[in-house]
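# Descriptive structure summary
Given next are the chains, with one letter for each unit.
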Amino acid sequence: MIIKSISVDVFTFLSRRSVDTAGHAHPGDEKQTKMAMLRITTESGDEGYAFGPPEVIRKHILDAFARKVLIGQNAMHRERLWQELAHWQRGSASQLTDRALALVEQALWDLIGRKFNTPVYQLLGGYRDKVLAYGSTMCGDELKGGLATPEDYANFAETLVKRGYKAIKLHTWMPPVSFAPSPKMDIRACAAVREAVGPDIALMLDGYHWYSRTDTFKIGKELERLNFEWIEEPMPEESTESYAWLAKNLDIPVLGPESLSGKHFSRASWVKNEACDILRAGVAGVGGIGPCMKVSHLADSFGMNCEIHGNGAANLAVVGAIKNCAWYERGLLHPFLEYDDVPAYLNSIVDPMDKDGYVHLPQRPGLGEDINFEYIANNTVETY
């Protein structure tokens, strides 16, 4: 299992997802979009893969860090290789980001799973083979019939329930939407969705990331009245003290941190300081599958759930391996987009959902992605 080479194929595919000036996803016109596939190959010809934005895994990242650390090493020594890469982040974190680190580590897990013909979630522990999904909406917009009004959210929530979802998480309006941020509009949307779906559907809110304590408290008290499952990232997460204050003063569970840097170390700080009731981690945000598992085990040690942030093969593998996670985040969803449409570089999506709201863990080896290698080869625009 000696690593021989590491390469990236950058290819194009058609997508209707766009991002606004603040980086939030919305539906848009169909356009050519670039994606990168990282490939790790051993001397025996075994390979592992991971997908991500090209800007995350540029050529200099491979040359300066990944190739130096991994080539000539045993792919089975994943933890040691991850630790050595993480050490290189000292003074270079702006280049070797946690997201880049996560992509390299995902490819190692995929390689090992493919080598031994075993799904990664089983290598990690294999706690379950299906999990309930919650429908996670895109942020609010100003598109007629989209997610422009509380009534739009209510109508879309009804559609999601008919589709089989047993839970829905709202991402509400954020700048550059003209009227955002607005606690009043957030509360109206949450109330409209609760009225539309009734008392038995679990609801969550992921609101504007920069609310003050007073605005957050006001929203949180209304969510308690509406029987929401949790409130997520309403304030800057660098202020652990603000979240400790919030968790102490609200009855509704506080979930976090979502986007805070610091891998599993910062999550340990949140637990110690009682800044949340439900811990949060995602593979890309904490630097890989391994540290994400560390966060979940940390939470388990304190009797807490750890909800995994985001969709995709790597996050789904973690969800399949742990007990203390209630949901898989399926999104981002919008009335104008069909989540189940298969992107051209795959033959099928990794997380189809059944009529009862369950996503079944893929049984293909590795991370379980059904990759269309022929399409990627025919549409590659750059290799390094």
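Numbering of residues begins from 1 in every chain and follows the order in which that chain's sequence is written. Only residues with pLDDT of at least 70 get local features here, since the model is predicted, and only at 80 or more are side-chain atom pairs given and counted; chain-wide, interface and lining totals rely on the full set of residues. Based on all heavy atoms of the structure, the side-chain values leave hydrogens and waters out of the count.

Here we take up the overall build of the chain. Here a helix means four or more residues in a row that DSSP labels H or I, a strand means two or more in a row labelled E, and each is numbered from the N terminus. Counting its secondary structure elements, the chain contains 13 helices and 15 strands. Scaling as 2.2 N^0.38, a compact globule of 384 residues should have a C-alpha radius of gyration of about 21 Å, and the chain matches this with 21 Å. Reported as C-alpha extents along the three principal axes, the dimensions of the chain are approximately 60 × 45 × 35 Å. Buried, partly exposed and exposed residues are distinguished by accessible area as a fraction of the type maximum, computed with a 1.4 Å probe on protein chains only: under 20%, between the cut-offs, and over 50%, respectively. Counting across all 384 residues of the chain, residues that qualify as buried make up 57%. Only heavy atoms enter the contact rule, under which two residues are in contact if any of them lie within 4.5 Å. Across the chain, every contact between residues at least 6 apart in sequence was considered, and the portion connecting residues at least 24 apart equals 68%. Carbon and sulfur atoms provide 50% of the accessible area of the chain, an area that totals close to 16,200 Å². The charge count treats Lys and Arg as positive and Asp and Glu as negative. His and the chain ends do not count. Charge positions come from single atoms, namely NZ of Lys, CZ of Arg, CG of Asp or CD of Glu. When the 40 basic and 50 acidic side-chain charges of the chain are each reduced to a single mean position, those positions are 3 Å apart. Here the globule rule reads 2.2 Å times residues to the power 0.38, and the radius of gyration is calculated from C-alpha atoms. Surface exposure here means Shrake-Rupley accessible area, sampled with a 1.4 Å probe, where a residue is shielded only by the protein chains that are shown.

A separate point is the nonpolar core. What makes a nonpolar core is a set of buried Ala, Val, Leu, Ile, Met, Phe, Trp, Tyr and Cys residues whose side-chain atoms join them at distances within 4.5 Å. Counting residues in hydrophobic clusters, the biggest one holds 80 residues, and the most contacted among them are Leu279 and Ile289. Here this core takes seven residues from helix H12 (residues 313-321), the largest share from any one element. Once you skip the residues sitting within four places of it in the chain, Leu279 turns out to touch Gly256, Pro257, Arg267, Trp270, Val271, Val295, Leu298, Ala299, Met304, Asn305, Cys306 and Glu307.

Bringing the sheet that holds strand E15 (residues 380-383) into the picture now. Strand order in the open sheet formed by four strands is E3-E2-E1-E15, with antiparallel pairing between adjacent strands. The open sheet has two free edges, formed respectively by strand E3 (47-52) and E15, since each of these has just one partner strand. Taking the axes of each pair of neighbouring strands and ignoring which way they run, one obtains an average angle of 25° across the sheet. Sheet topology places strand E2 (residues 25-42) next to E3; six bridges connect them, and they run antiparallel. Within E3, the position partnered with Thr41 by the bridge is Glu47. Helix axes are fitted to C-alpha atoms over the stretch in contact, other axes to C-alpha atoms as well, and angles between N-to-C directions run from 0 to 180 degrees. Contacting strand E1 (3-19) and E2, helix H1 (residues 59-70) crosses the sheet at an angle of about 135° to E1. Note on pairing: two strands pair once DSSP finds at least 2 bridges between them.

Each full turn of the α-helix corresponds to 3.6 residues, which orients residues three or four apart in the same direction. For helix H6 (residues 183-197), built from 15 residues, the straight-helix expectation of 21 Å at 1.5 Å per residue is met to within 8% by its first-to-last C-alpha distance of 21 Å. Within the span of H6, buried status applies to Pro183, Met185, Asp186, Ile187, Ala189, Cys190, Ala192, Val193, Arg194 and Val197. Check the buried side of H6 and you find it contacts helix H5 (150-163), strand E5 (167-171), strand E6 (202-206) and helix H7 (213-225). Directly after H6, the chain includes Gly198, whose backbone phi takes a positive value near 85°. A helix is expected to reach a length of 1.5 Å times the quantity of its residues less one.

Attention now goes to the packing of aromatic side chains. Each aromatic ring pair is characterised by the separation of its centres together with the angle its planes make. Working definition: rings of Phe, Tyr and Trp (its six-membered ring) pair if their centres are within 6.5 Å, and the pair is stacked with planes under 30 degrees apart, edge-to-face with planes over 60 apart, and tilted otherwise. Enumeration over the complete set of coordinates arrives at 13 aromatic pairs. Their ring planes at 80° and their centres at 5.8 Å tell us that Tyr134 and Trp230 sit as a pair that is edge-to-face. Note that Tyr134 is positioned in strand E4 (residues 130-137) and Trp230 in strand E7 (residues 230-232), a separation of 96 residues in sequence. Taken as a pair, Tyr134 and Trp230 share a single burial class, namely buried. Judged by centre distance (5.2 Å) and plane angle (80°), the rings of Tyr153 and Trp173 are edge-to-face. Of this pair, Tyr153 sits in helix H5 while Trp173 sits in the loop between E5 and H6; the two residues are 20 residues apart in sequence, bridging distant segments of the chain. On the accessibility criterion, Tyr153 (2% relative accessible area) is buried. Through successive ring pairs, a cluster of aromatic residues spans Phe11, Phe13, Phe51 and Tyr345. Any Lys NZ or Arg CZ that is within 6 Å of a ring centre and within 35 degrees of that ring's normal is treated as a charge sitting over the ring. One cation-aromatic arrangement involves Lys130 over Tyr358; the distance from NZ or CZ to the ring centre is 4.3 Å.

Before going further, it helps to examine the environment of Met37. In this fold, Met37 is placed in strand E2. In this structure Met37 comes out as buried when scored by relative accessible area, which is 0%. On a C-alpha basis, the gap between Met37 and Thr383 in space is 9.6 Å, while along the polypeptide they are 346 residues apart. Beyond its immediate chain neighbours, meaning those up to four positions away, Met37 contacts Ser7, Val8, Asp9, Phe11, Tyr49, Ala50, Phe51, Ile371, Phe373 and Ile376.

For Pro253, the position within the fold is in the loop between helix H8 (240-249) and strand E8 (254-256). Between the C-alpha atoms of Pro253 and Asp277, which are 24 residues apart in sequence, the distance is 5.4 Å. Once residues within four sequence positions are removed from consideration, Pro253 is found in contact with Glu229, Trp230, Ile231, Asp277 and Ile278.

Basic side-chain nitrogens of Lys or Arg form a salt bridge, by our definition, when they fall within 4 Å of a carboxyl oxygen of Asp or Glu. This model, assessed by the stated rule, comprises 22 salt bridges. Note that Glu224 is salt-bridged to Lys221, the shortest N-O span being 2.9 Å. Here Glu224 pairs with Lys221, and both are found in helix H7, just three residues apart, close to one helical turn. A network of salt bridges, in which partner residues are shared, links Lys169, Asp206, Glu232, Arg280 and Glu329.

The element E6 is largely enclosed, with a buried count of five among its five residues. Side chains Ala202, Met204 and Asp206 of E6 all project onto a buried face; the interleaved residues Leu203 and Leu205 project onto the opposite face, where all are buried too. In this sheet, E6 lies alongside E5 in parallel orientation, the contact comprising five bridges. In the sheet register, His171 faces E6, and the bridge partner there is Asp206. Handedness of a crossover is defined as follows: orient the strands so they point away from the viewer, and if the path from the first strand over the helix to the second runs clockwise, the crossover is right-handed. Following the backbone out of E5, through H6 and into the adjacent parallel E6, one traces a crossover that is right-handed. Two elements, E6 and E7, share three bridges in a ladder whose sense is parallel. Within E7, the residue paired with Leu205 across the bridge is Ile231.

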